[in-house]
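What follows is the residue order along each chain.
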Amino acid sequence: MRTHGGNIYLSSQMIDFSANINPLGMPDAVRKAVMESAQNCVHYPDPCCTNLTRALAEFEQFPTEQIVCGNGAADLIYRIAHAFHPRHALLLAPSFSEYAFAMREVGCSVAEYTLNPEQDYQLDDGVLSAITAETDIVFLCTPNNPTGQRIPPDLLKKVAEKCRESGAFLVSDECFLRFSENAARYSLRLFLHEHGIILNAFTKLYAMPGLRLGYALCGSDAVAGKLRETGQYWSVSVPAQAAGIAALQVSDWIPRTVQYVTAECAFLSGELRKSGVFVYDSVANFLLIQASSDFAERMKQRGILIRKCEDFHGLTDAHFRIAVRTHDENLALISAIREEYK
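Residues numbered from 1 in each chain as written. Predicted model: local features only at pLDDT ≥ 70, side-chain atom pairs only at ≥ 80, totals over all residues. Heavy atoms only, no water.

### Details of the nonpolar core
Worth spelling out the cut-off: The definition of a nonpolar core used throughout is a set of buried Ala, Val, Leu, Ile, Met, Phe, Trp, Tyr and Cys residues joined through side-chain atoms within 4.5 Å. Remark: exposure states derive from per-residue accessible area (1.4 Å probe, protein chains only) relative to the maximum for the residue type, with buried under 20%, exposed over 50%, and partly exposed in between. Residue contacts follow a heavy-atom distance rule, with two residues in contact if any of their heavy atoms lie within 4.5 Å.
Leu123, Val127, Leu140, Val159 and Phe202 are the most contacted members of the largest nonpolar core, which totals 60 residues. The contact partners of Leu140, leaving out residues within four places of it in the chain, are Leu92, Tyr99, Leu123, Ile151, Leu156, Val159, Leu170, Val171, Ser172 and Asp173. Of all hydrophobic cores here, the second largest spans 29 residues; its members include Ala102, Val171, Leu199 and Ala224.

### Let's talk about the packing of aromatic side chains
The relative placement of two aromatic rings is captured by the distance of their centres and the angle of their planes. Cut-off, in case you're wondering: Two rings from Phe, Tyr or Trp (for Trp, the six-membered ring) form a pair when their centres sit within 6.5 Å of each other. Planes less than 30 degrees apart are called stacked, planes more than 60 degrees apart edge-to-face, and all others tilted. To sit over a ring, a charge needs its Lys NZ or Arg CZ within 6 Å of the ring centre and within 35 degrees of the ring normal.
Applying the stated rule across the entire model yields 13 aromatic pairs. Look at Phe278 and Tyr280: their rings are 4.9 Å apart centre to centre, the planes differ by 80°, and that puts the pair in the edge-to-face class. In textbook terms, an aromatic cluster arises when at least three aromatic residues are bridged by ring pairs, as seen for Tyr44, Tyr233 and Trp234. Residue placement shows Arg150 over the ring face of Tyr186; its charged tip is 3.6 Å from the ring centre. Here Arg298 stacks its cationic end above the ring of Tyr341, 4.1 Å away from the centre of that ring.

### Section: the packing of helix H3 (residues 73–84) against helix H4 (residues 98–105)
Each pair of packed helices can be described by the angle between their axes along with the distance between the axes. Which entries qualify depends on this criterion: Axis geometry follows a simple rule: fit a line to the C-alpha atoms, using only the stretch in contact for helices, then measure angles between N-to-C directions, giving values from 0 to 180 degrees. Secondary structure counts use DSSP, requiring at least four H or I residues in a row for a helix and at least two E residues in a row for a strand, with both numbered from the N terminus. We call two directions roughly parallel when the angle between them is under 35 degrees, roughly antiparallel when it is over 145, roughly perpendicular when it lies between 65 and 115, and oblique otherwise. Left-handed is the label given to a crossing in which the near helix is rotated counterclockwise from the far helix by less than a right angle, and right-handed is the label when the rotation is clockwise. Asp, Glu, Lys and Arg are counted as charged, while Ala, Val, Leu, Ile, Met, Phe, Trp, Tyr, Cys and Pro are counted as nonpolar; the rest, among them Gly, fall into the polar class.
At a minimum axis separation of 9 Å, H3 and H4 run at an interaxial angle of 30°. Relative to H4, the element H3 lies roughly parallel. Classified by chirality, the crossing of H4 by H3 is right-handed. Contacts between H3 and H4 involve Ile77, Tyr78, Ala81 and His82 on the former and, on the latter, Glu98, Tyr99, Phe101, Ala102, Met103 and Glu105. For the contact of H3 with H4, a count of residues per class yields seven nonpolar, one polar and two charged.

### Points about the pattern of salt bridges
Stated precisely, the cut-off is as follows: Criterion for a salt bridge: a side-chain nitrogen of Lys or Arg within 4 Å of a carboxyl oxygen of Asp or Glu.
Using the criterion set out here, one finds 17 salt bridges in the structure. A salt bridge links Asp281 to Arg273; its shortest N-O distance comes to 3.0 Å. Residue class for Arg273 comes out partly exposed when judged on its relative accessible area of 38%. A single network of salt bridges, built from pairs that share partners, joins Asp294, Arg298, Arg302 and Glu340.

### Re the sheet that holds strand E5 (residues 137–141)
Keep this limit in mind: When DSSP locates at least two bridges between a pair of strands, those strands are taken to pair.
Read across the sheet, seven strands follow the order E2-E8-E7-E6-E5-E3-E4 without closing on themselves; strand pairing throughout is mixed. Looking at the sheet topology across the chains shown, the edges are occupied by strand E2 (67–70) and strand E4 (109–114). If you compare each strand with its neighbour and ignore which way they point, the axes differ by 20° on average. Inspection of the sheet shows E2 paired to strand E8 (residues 214–218) by four bridges, in the antiparallel sense. By the bridge assignment, Gly70 is partnered in E8 with Gly214.

### Overview of the side chain of Glu60
For Glu60, the position within the fold is in helix H2 (residues 50–60). With residues up to four places along the chain from it excluded, the contact list for Glu60 reads Arg178, Arg189, Asn200, Tyr215 and Leu217.

The analysis is restricted to geometry; functional conclusions fall outside its scope.
Take a look at the structure:
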């Protein structure tokens, strides 16, 4: 059985620190757009996401023809697998598990480059030697889930060049990148080649995981075309398309989010360390920590849901991921930890 955060349906009264959603919540304009779109749900959604794609092209300053929308970033991961049928994939460990599930679904073998905990799970130059002539596709995640580490721009450039030389696809999952400062400096956009794909989503940043909306920025028209031909025809619902267009018009949302998350991440990590919890550095809206193996269960007894990380390759039952939430909720978590471990 696959494990992910955000399964509140079994624990509806809990404070959910297991899902990495923007603590500012969903913008009012997005909520209004979703409600107003209900009258149009008697029609099939636009399979080409025409208006949404145009809005994304303006927002991203990227060619319309090279943008593909999907039913969340996860949908696009599986579309990539089925569109290109890679035989040999290179993934990071630990990292988001759906990359491996998608690759194996099409019979692709998976090799992992294991990140070093003594380096705070920061990707290093050793990954370059792991990209061989047999490698068909490489998945990166920046900031990486669940470690919260961004890939240094100089290393990202080297990986992109190595993939270009070897003919491998390079997929950069940047769904959490805009939670951090100076995000553009760390994006594959700077080094995007014809076999490059950047994944992004409205899920986390605009707190709309229930609507399922993601998109891919592709390095060529040909790659985008193959992605469009794969997967279900009506993949993005009417409410999701309306929500996406509305979200892109909230001009101050990203700077407000970065300011809030940066401050709360620093506060939460500092208070956790004062409480004796080992915290890895992070620039994302979540923290990877080490604690006692029963930490999640002890927090659950106090009404707090956190993400166990033992199912991530390279982590153990003593690793947990904690979302950065509102200040009051972060205080509640800290209080619960201090009460439980006093």
